[in-house]
Amino acid sequence: MELMPLTMNHKIKSLSLAYDPAQGLRLLDQTLLPSQVSWVPISSPEHMIEAIQSLKVRGAPLIGISASLFLGHYSLSHTPSQTYQVYEDLKKARPTAVNLANNLNSCWQNYLTHNNDPQFLLQKAIELFYQDQELCFAMAKQGVSLLNSNESVLTYCNTGSLATAGIGTALGVIKQGFEQGLIKHVYASETRPLGQGARLTAYELSQLKIPHHVICDNMAATLMAEQLVTKIFVGADRITKKGEVANKIGTLNLAILAAHFKIPFYVVAPSTTFDFETSDDQKMVIEQRNQSEVLGIWNNSISTALNPAFDITPPTLITGIVTENLISTYPFWA
Ligand code: MRU
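The paragraphs below set out a description of the structure included in this document. These numbers were taken from a predicted model, which means no experiment stands behind them. (Residues numbered from 1 in each chain as written. Predicted model: local features only at pLDDT ≥ 70, side-chain atom pairs only at ≥ 80, totals over all residues. Heavy atoms only, no water.)

### Notes on the overall build of the chain
- Secondary structure assignment for the chain yields 10 helices and 15 strands.
- For a compact globule of 334 residues, the expected C-alpha radius of gyration is about 20 Å, and the chain comes in at 19 Å, within 12% of that figure.
- Principal axes of the C-alpha set define a box for the chain whose edges measure 60 × 50 × 45 Å.
- In the chain, which comprises 334 residues, the proportion classed as buried is 55%.
- Taking all contacts inside the chain whose residues are at least 6 apart in sequence as the whole, residues at least 24 apart take part in 72%. (Helix = DSSP H or I, 4+ residues; strand = E, 2+ residues; numbered from the N terminus. Rg over C-alpha atoms; globule rule 2.2 N^0.38 Å. Buried < 20%, exposed > 50% of the residue type's maximum accessible area, 1.4 Å probe, protein only. Contact = heavy atoms within 4.5 Å.)

### Quick look at the sheet that holds strand S8 (residues 231-234)
- Taken in spatial order, the seven strands make up an open sheet running S7-S6-S5-S8-S11-S14-S15, and their pairing is mixed. Every other strand in the sheet has two partners, leaving strand S7 (212-215) and strand S15 (327-328) as the edge strands with one partner each.
- Bridge count for strand S5 (residues 151-156) against strand S6 (residues 183-189) is six bridges, and the pairing is parallel. Within S6, the residue paired with Tyr-156 across the bridge is Ser-189.
- Where helix H6 (residues 170-179) meets the sheet, its contacts fall on S5, S6, S8 and strand S11 (265-268), and the angle it forms with S6 comes to roughly 155 degrees.
- Helix H7 (residues 196-207) rests against S5, S6 and S7 of the sheet, and its axis sits at about 155 degrees to S6. (Pairing = 2+ DSSP bridges. Axes fitted to C-alpha atoms, helices over the stretch in contact; angles between N-to-C directions.)

### Regarding the site of the ligand
- Around the ligand sit 18 residues, and of these Arg-58, Ala-60, Asp-237, Asn-247 and Lys-248 come closest.
- Within the side chain of Arg-94, an N or O atom sits 2.8 Å from an oxygen atom of the ligand.
- Here an oxygen atom of the ligand and a side-chain polar atom of Asn-247 are 2.6 Å apart.
- Expressed as a share of its isolated accessible area of 410 Å², the protein-covered part of the ligand is 100%. (Near = heavy atom within 4 Å. Polar contact = N/O pair within 3.5 Å; in protein donor to acceptor, adjacent residues only side chain to side chain. Areas by Shrake-Rupley, 256 points an atom, 1.4 Å probe, with all protein chains shown as cover.)

### Here's the deal with helix H4 (residues 99-113)
- The end-to-end C-alpha distance of H4, which contains 15 residues, comes to 21 Å, matching closely the 21 Å that a straight helix rising 1.5 Å per residue would cover.
- Listed as buried for H4 are Asn-99, Leu-100, Asn-103, Leu-104, Cys-107, Trp-108, Asn-110 and Tyr-111. An end-on view of H4 places all buried positions within 160 degrees of arc, on one side of the element.
- Elements in contact with the buried residues of H4: helix H1 (45-53), helix H2 (60-75), helix H3 (80-91) and helix H5 (118-144).
- Immediately downstream of H4, the backbone of Asn-115 shows phi near 50 degrees, a positive value. (Expected span 1.5 Å × (residues − 1). Arc of directions from axis to C-beta.)

### Considerations on the packing of H5 against H6
- Between H5 and H6, the least distance of the axes is 8 Å, while the angle of their chain directions is 60 degrees. On the basis of their axis angle, the class for H5 and H6 is oblique. For the pair H5 and H6, the crossing hand works out as right-handed. Between H5, through Phe-137, Met-139, Ala-140, Gly-143 and Val-144, and H6, the contact on the second element is made entirely by Gly-172, Val-173, Gln-176 and Gly-177.
- When the residues that make up the contact of H5 with H6 are grouped by side-chain class, the tally is five nonpolar, four polar and no charged. (Parallel < 35°, antiparallel > 145°, perpendicular 65-115°, else oblique. Left-handed = near helix turned anticlockwise from the far one by under 90°. Nonpolar A, V, L, I, M, F, W, Y, C, P; charged D, E, K, R; others polar.)

### What about the sheet that holds strand S9 (residues 238-240)?
- Pairing is mixed in the open sheet, where four strands are placed in the order S12-S9-S10-S13. Each edge of the sheet is formed by a strand with only one pairing partner; in this case those strands are strand S12 (274-275) and strand S13 (310-313).
- With two bridges joining them, S9 and S12 adopt parallel strand pairing. Each bridged residue has a counterpart across the sheet, and for Thr-240 the counterpart in S12 is Asp-275.
- Strands strand S10 (245-248) and S13 of the sheet are contacted by helix H9 (residues 251-261), whose axis makes an angle of about 30 degrees with S13.

### With respect to the side chain of Thr-169
- Tracing the sequence through the fold places Thr-169 in the loop between S5 and H6.
- A residue is classified by how much of its surface remains accessible, and Thr-169, at 6% relative accessible area, is buried.
- When residues no more than four places from it in sequence are discounted, the contact partners of Thr-169 are Met-139, Thr-159, Thr-164, Gly-235, Val-268 and Pro-270.

By themselves, these observations are geometric and do not establish any function.
Set out below in structure tokens:
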């Protein structure tokens, strides 16, 4: 992709992110949706890391893009060694989604290649924003080719404009499929413990007037048994060369159910989510989050809880991985 000519007043905006060199980065606080639409200016590296860790900004592509934009903006008024420290700290903010490190590394590389000129760090971050928008459209085009008429699809977590710079990955396919009259109904699975499906996917579907039901995660099997679900589309946070997919905890449950009920199960993700360096015997790092996210809703202070944020779906359970270039089937790229 061509680099956009960068000017000091270049502004970018998506559903959940806004950047301009005068004001810096602003994020839509996703923890407050759908009841409150509130934008927060990101004022310091600590604040950026907090926004990522608290899921004010979330979704594999958007984490990478927002951290890169922040770093680019920061580099305009800080020394290379200060910028390097923030680059290192940001990479560690969340461990599972590979886009964060991938995006920051390519921005950092562009900075080094151009003698630590901050304009080039920022320019790469802006380029990643536009590239992600194009990737989303390309994935949607591929994914829509899988649809028949009258589809009732189930999706998990949030993979739309709140998770990317564009229309989304799995939710991008669903939006385009609805627009083209192929999808008639969507089931948004709640996604415990933080409710990305119930809050964020529901928000996006409502805005677009796409007919949907929110379901509790434990209702999926019944819906499938009643033949109410024709296809399943989910996103990914990291995909290995073997085709193992790390995605929001609960994705594996759906893949197992889909195999049992013989429902096509598709993962939609851009190549920026591939991690072909993690070898088969290396374990992916699964983020473990605070137990209060599991227990808080019940005011339960008498128990301890487990809270892994992601699970790993084996390639044998995946019907196809939809990327911007192709739809790959098992054994994927092995
Ligand atoms: O913890 P989250 O909300 O960042 O998890 C998000 C997911 O698991 C998404 O499915 C994934 O990042 C793909 S988003 C296009």
